[in-house]
Structure formats: structure tokens, C-alpha cells
Amino acid sequence: MKVITVPCNFDNYAYIIICEKSGTAAIVDPAEYYPVYTALQKQDVQLKAIFCTHHHTDHIGGLEEFLAEDPSLQVYGFKDDASRIAGLNVMLEGNDVIRLGQTEGRVIHTPGHTSGSVCYHFDNHLFTGDTIFGAGCGRLFEGSPAQMHGSLANLITGMAGSTHLYFGHEYTLQNLKFAQFVEPENSRIQKRVEHSTALREKNEFTTPSTLEEELETNPFLRCSTPQVKKNVEERLYVDGQSPQTIFAALREQKDSF
Ligand SMILES: [Zn+2]
């Protein structure tokens, strides 16, 4: 499977995914019509489907125009979001198996950022929408910290460290500042800051990362590590009885960081 990253809006990412064996393509989060359309035109593929990670306007801004152009497109999203994603015609549930050409993928329901957030997993590629960002996670608009913590755990359980994570926004450098605040002693975070800064200076993307990289540097995936627990307890005056408590404290702190 081939993945093309398409920057949209101010800091969104849409992705074009292509099953090379069949020459079919899908869009993950058509944030904007024109840039995605232009990127598609450069490929010799047939657009078959749109995979929506969640209902927010900045992720589905181009959906209506793609559907107007081809009303036969399959539009995938979580079943309960049918009233919030106009044109949704393939209602998903967690663990559904989906196909693009000859490539099989899996849907993971990850409520927290929104109640209907889903991630799409194809081969070595995971499309996380606003659930996981580079060194961060989405704000909790429609879920509790415990729910999001559970969603993240469910998402990555059993997943290979080499899996590429394609996220919905270019927030990595801002998120890494917070990661450094949480864990100033973590040299992996410092290395990631240097690497991501160099990428952004060249106007390149920090997406995709790998799960391994996130596990080493993303504070929201490190709530069980002793150093994060200790730092959160000392700095945020939280009694970290459980990883969920640590997660909740981190999320609250990040909201006003
Ligand atoms: Zn969102």
C-alpha cells in the first residue's frame, strides 16, 4: 500500500492511500477538496472510498465536493456519526474489517476526542485522525480521560512498534514542548525535537511517526512509566494512583499549556 500525505487548511493532513495491486485509492479525511483532488490527479488510480476518522469539519471539509463529483463513492465512518457526517454510507463498528482493492484493513473505535472517532489500520499503516498526534493526543471534546486512556491502550495493544502512525494535524513541535515539560530528562524527546525542527525548517512533515517513537516520547502513552508518574506527582501535585489518574492530569495540564 502506498500513502500520499496532503497538507490541507492551516495544519491538517489528509492522506491518499493506494492499493497498488488493484490501482484503487481512498482518501483518509478529505479535509479540503482542492489540494486532495490535485494530488489524486497525479496518480493513475481510481478513487473508490473515503475513510472518515471523525465528524469535525476540518477533517471532512472536502467530502461534499468529492461526493458531488462521484456519488457512488463509499463513505466510511462510525455508525453513530451518520447524522454528523453528510454522505456517510458505510456504517462502521469497532473491529470491522474493511477493504481497499486487495488490501484488507481494520477499524478500531477510539472514543475520546469524539464519541465516534475511529482509526484505520492497513498493513503497517495506522491512520489516527485526532486520537494520537506526534507526541500528543486529541482534546477530549466528547469523552472522559478514562475513556480516552482506554481507547489508546486498546488501539496499540498488540501493534508492532514499526507501525507508521499518520495523524490529522501538524502539532508535533508544540506537543514536544509539553513532552519536555513532563519529562525533561528524556533524551529521546530532545532528539525528536531536533529531528522534527529540522524537518519543519525544510517544510517537510513530521507525519508519519512510528509507534515505537511515540512510546518513547509521547507523554500520553507513557502514563505507566515510573519517571512520568513521579514527575506528574511532583510537578502537578497529583496522587498518581493509576495510569488513568496520570493521564487525566496530563490531559488537563496540556489543555492550558
Ligand atoms: Zn477533531
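For every chain, the first residue of its written sequence is number 1, and the numbers climb from 1 along that sequence. Predicted model: local features are reported for residues with pLDDT of at least 70 only, side-chain atom pairs are reported and counted for 80 or more only, and whole-chain, interface and lining totals are derived from all residues. Side-chain metrics in this entry use all non-hydrogen atoms of the structure; hydrogen atoms and water are not considered.

Caption draft 1: Region of interest: the side chain of Thr 131. Counting through the fold element by element, Thr 131 comes out in the loop between strand 10 (125-129) and strand 11 (132-133). The definition of a polar contact used here is a pair of N or O atoms within 3.5 Å, where within protein one atom must be able to donate a hydrogen and the other to accept one, and adjacent residues in sequence count solely through side-chain atom pairs. Among the polar contacts listed, one links the side chain of Thr 131 to the side chain of Thr 110, at a separation of 3.2 Å. Contacts are assigned to residue pairs that have any heavy atoms within 4.5 Å of one another. Residues within four places of Thr 131 in sequence aside, it is in contact with Thr 110, Ser 117, Cys 119, Cys 137, Gly 138, Met 148, Leu 152 and Leu 155. Strands here mean DSSP runs of E at least two residues long; helices mean DSSP runs of H or I at least four residues long; both are numbered from the N terminus.

Caption draft 2: Examining the coordination of the zinc ion more closely. Only nitrogen, oxygen and sulfur atoms qualify as donors, and only when within 2.8 Å of the metal (3.2 Å in the case of Na, K and Ca); with water excluded, sites may look incomplete. Here the zinc ion is held by His 54 (NE2), His 56 (ND1), His 113 (NE2) and Asp 130 (OD), and the distances to it run 2.2 to 2.3 Å. For four-coordinate sites, all angles between 85 and 135 degrees define a tetrahedron; for four- and six-coordinate sites, opposite donors beyond 155 degrees with the remaining angles between 65 and 115 define square planar and octahedral shapes respectively, and all other cases count as irregular. Here the zinc ion is ringed by four donor atoms whose angles at the metal span 90 to 168°, and the overall shape comes out irregular. Burial classes follow relative accessibility: with a 1.4 Å probe on protein chains only, a residue under 20% of its type's maximum area counts as buried, one over 50% as exposed, and anything between as partly exposed. Residue His 56 is classed as buried on the basis of its relative accessible area, which comes to 17%. With relative accessibility at 4%, the residue His 113 sits in the buried group.

Caption draft 3: A look at the nonpolar core. In terms of nonpolar packing, the biggest core is built from 25 residues, with Leu 152, Val 232 and Leu 250 touching the most fellow members. If you list the elements that add at least two residues to this core, you get helix 4 (145-156), helix 5 (172-182), helix 8 (226-235) and helix 9 (243-255). Once residues within four sequence positions are removed from consideration, Leu 152 is found in contact with Thr 131, Ile 132, Cys 137, Phe 220, Leu 221 and Phe 247. By convention a nonpolar core is built from buried Ala, Val, Leu, Ile, Met, Phe, Trp, Tyr and Cys residues, the set being connected through side-chain atoms within 4.5 Å.

Caption draft 4: Up close: the side chain of His 55. Along the polypeptide, His 55 turns up in the loop between strand 4 (46-51) and helix 2 (57-60). Using a relative accessible area of 14% as the deciding quantity, one classes His 55 as buried.

Caption draft 5: Geometry of the layout of surface pockets. By volume, the largest pocket amounts to about 320 Å³. Cavities and pockets are found on a 1 Å grid laid over the protein atoms alone: a cavity is a set of points where a 1.4 Å probe fits but cannot escape, a pocket is an open set with protein on both sides within 12 Å along at least five of seven lines, and a lining residue has an atom within 4 Å of such a point. In terms of lining, the largest pocket is formed by 17 residues, of which the most central are Phe 133, Arg 139, Tyr 171, Arg 251 and Lys 254. Contributions of two or more residues to the lining of the largest pocket are made by helix 5 and helix 9. Take the lining of the largest pocket: its biggest share by element is three residues, from helix 9. The nonpolar class holds Ala, Val, Leu, Ile, Met, Phe, Trp, Tyr, Cys and Pro. Asp, Glu, Lys and Arg form the charged class, and all remaining residues, Gly among them, are polar. Among the residues forming the lining of the largest pocket, the class breakdown is five nonpolar, six polar and six charged. Estimated volume of the second largest pocket: approximately 270 Å³. Considering the residues around the second largest pocket, the lining is formed by 13 residues, among which Phe 10, Asp 11, Tyr 13, Glu 170 and Arg 200 are closest to the centre. For the lining of the second largest pocket, the elements supplying multiple residues, two or more each, are strand 1 (2-8), strand 2 (12-19) and helix 5. Of the residues that constitute the lining of the second largest pocket, the class distribution is six nonpolar, four polar and three charged. Grid points are joined across faces, edges and corners, and a volume is the space filled by probe spheres set on the points.

Caption draft 6: Spotlight on helix 5. Listed in full, the buried residues belonging to helix 5 are Thr 172, Asn 175, Leu 176, Phe 178, Ala 179 and Val 182. End-on, the buried residues of helix 5 take up no more than an arc of 160°, which puts them together on one face. This arc describes the spread of directions from the helix axis toward the C-beta atoms.

Caption draft 7: The arrangement of the sheet that holds strand 6 (residues 90-92) in detail. Strand order across the open sheet formed by six strands is 1-2-3-4-5-6, with mixed pairing between neighbours. This sheet does not close on itself; its edge strands, each paired only once, are strand 1 and strand 6. Sheet twist, expressed as the mean angle between neighbouring strand axes with direction ignored, is 20°. With five bridges connecting them, strand 3 (residues 24-28) and strand 4 associate as parallel partners. Following the sheet pairing, Thr 24 is matched in strand 4 by Gln 46. Running over the sheet, helix 1 (residues 33-41) touches strand 1, strand 2, strand 3 and strand 4 and is turned about 145° from strand 1. A pair of strands is considered paired only if DSSP assigns at least 2 bridges between the two. Think of each axis as a best-fit line through the C-alpha atoms, taken over the contacting stretch in the case of a helix, with angles from 0 to 180 degrees between the N-to-C directions.

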